[in-house]
Amino acid sequence: MKIILLGAPGAGKGTQAGIIKEKFNIPHISTGDIFRANIKNNTELGQKAKTYMDKGELVPDELVVDLVIDRLEQDDCKDGYILDGFPRTIPQAEELDKALAAKGDKIEYAINIETPDDFIINRMAGRRACVNCGATYHTSFMPPKTENICDKCGENLILRDDDKPETVKKRLEVYHDQTEPLIDYYKGTGILSSLDGTKDCEVVFAEICDVVEK
Ligand code: ADP
Ligand code: AMP
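As a starting point, this report considers the structure included with it. (Residues numbered from 1 in each chain as written. Chains lettered and ligands numbered in written order. Predicted model: local features only at pLDDT ≥ 70, side-chain atom pairs only at ≥ 80, totals over all residues. Heavy atoms only, no water.)

Spatially, the 5 strands line up as an open sheet ordered β2-β3-β1-β4-β8, and their pairing is parallel. One side of each edge strand has no neighbouring strand; the edge strands of this open sheet are β2 (28–30) and β8 (192–196). Across the sheet, the axes of successive neighbouring strands diverge by a mean angle of 20°, strand direction being ignored. (Pairing = 2+ DSSP bridges. Helix = DSSP H or I, 4+ residues; strand = E, 2+ residues; numbered from the N terminus. Axes fitted to C-alpha atoms, helices over the stretch in contact; angles between N-to-C directions.)

Here is the structure:
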């Protein structure tokens, strides 16, 4: 089961990917998490990515595409995967399709979680993330059992720098400009499904299951 999750930052991609991963036992590949792990470990890639992420801009395609294509070669991806936050531009989608087609492979589902900008602003303000395992919470909608502590690994939760309101505004502009055109791209390849991301998390997940299990 090879799935791409599309949607604005804060639409709920990471949240849904975490549940899909548990239910279908396939890896959750988040390019944002990969960059954040590189920043934490102070790698060269992390240092480069941080300059873009802090401004709410996209990391250049050439720093992202090979990284993902190499990741998909790993053994745990052989029965499928969930891509969260990739592709984010048309060239990324084209490179991905090309690399998969060269192996006689393809993405099966592109699931667009539709969430209007005014919901996004609230979601980002309350989002708390675990820098250790990537789990995501919301102070009101999905609080952790103990305030600011990750239920899964016990590490502290943080408000991501790029979730501050000034950066969120920029990220939404970037989304509409560079990532939203992917909706038409995947409509064109015939694998797009769109869901209402404003519904409760369980409802969104049930709708994703309807798409992939039909
Ligand atoms: P993305 O990965 O698309 O950036 P997240 O999965 O991190 O988005 O979700 C953004 C925030 O919204 C998080 O704080 C998360 O807990 C919360 N959230 C996710 N899905 C829902 C939902 N269906 N209803 C309410 N809050 C949600
Ligand atoms: P995310 O965790 O998906 O919200 O991503 C956080 C940030 O990482 C984004 O705002 C971008 O700066 C960067 N990023 C993540 N994935 C990509 C990608 N596929 N292409 C370019 N930049 C990305």
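Okay, the site of ligand 1 next. With respect to spatial proximity, 19 residues lie near ligand 1, and among them G10, G14, T15, R127 and Y137 are the closest. Backbone polar atom of G12 to an oxygen atom of ligand 1: 3.0 Å apart, as the coordinates give it. Within the side chain of R123, an N or O atom sits 3.4 Å from a nitrogen atom of ligand 1. Its free accessible area being 560 Å², ligand 1 has 93% of it covered by the protein chains. Of all elements in the fold, only α1 (13–24) and β6 (136–138) reach the threshold of two or more residues within the shell around ligand 1. When its residues are assigned to classes, the shell around ligand 1 shows 7 nonpolar, 7 polar and 5 charged. (Near = heavy atom within 4 Å. Polar contact = N/O pair within 3.5 Å; in protein donor to acceptor, adjacent residues only side chain to side chain. Areas by Shrake-Rupley, 256 points an atom, 1.4 Å probe, with all protein chains shown as cover. Nonpolar A, V, L, I, M, F, W, Y, C, P; charged D, E, K, R; others polar.)

Where helix α7 (residues 165–179) contacts helix α8 (residues 181–189), the two axes come as close as 5 Å, and the packing angle between them is 30°. Only P181, L182 and I183 of α8 make contact with α7, whose side of the interface consists of Y175, H176, D177, Q178 and T179. Of the residues belonging to the contact of α7 with α8, the class tally is 4 nonpolar, 3 polar and 1 charged. (Contact = heavy atoms within 4.5 Å.)

In this section: the sheet that holds strand β7 (residues 157–158). Ordered in space as β6-β5-β7, the 3 strands form an open sheet in which the pairing is antiparallel. Every other strand in the sheet has two partners, leaving β6 and β7 as the edge strands with one partner each. Inspection of the sheet shows strand β5 (residues 127–130) paired to β6 by 3 bridges, in the antiparallel sense. Bridge pairing links A129 to T136 in β6. The sheet strands contacting helix α6 (residues 117–126) are β5 and β6, and the helix crosses β5 at an angle near 45°.

Turning our attention to the environment of Y186. Residue placement: Y186 occurs in helix α8. Sequence separation between Y186 and N112 is 74 residues, and the spatial gap between their C-alpha atoms is 9.6 Å. If near-sequence neighbours (up to four positions away) are discounted, Y186 is found in contact with I4, L6, P87, A93, A110, I191 and L192.

Quick look at the pairing of β8 now. Only one face of β8 is covered, namely the face carrying S193 and L195; the face carrying L192, S194 and D196 is uncovered. Two strands pair when backbone bridges link them, and strand β4 (residues 109–114) and β8 are joined in this way by 5 bridges, in the parallel orientation. The partner of I113 across the bridge, within β8, is L195. (Buried < 20%, exposed > 50% of the residue type's maximum accessible area, 1.4 Å probe, protein only.)

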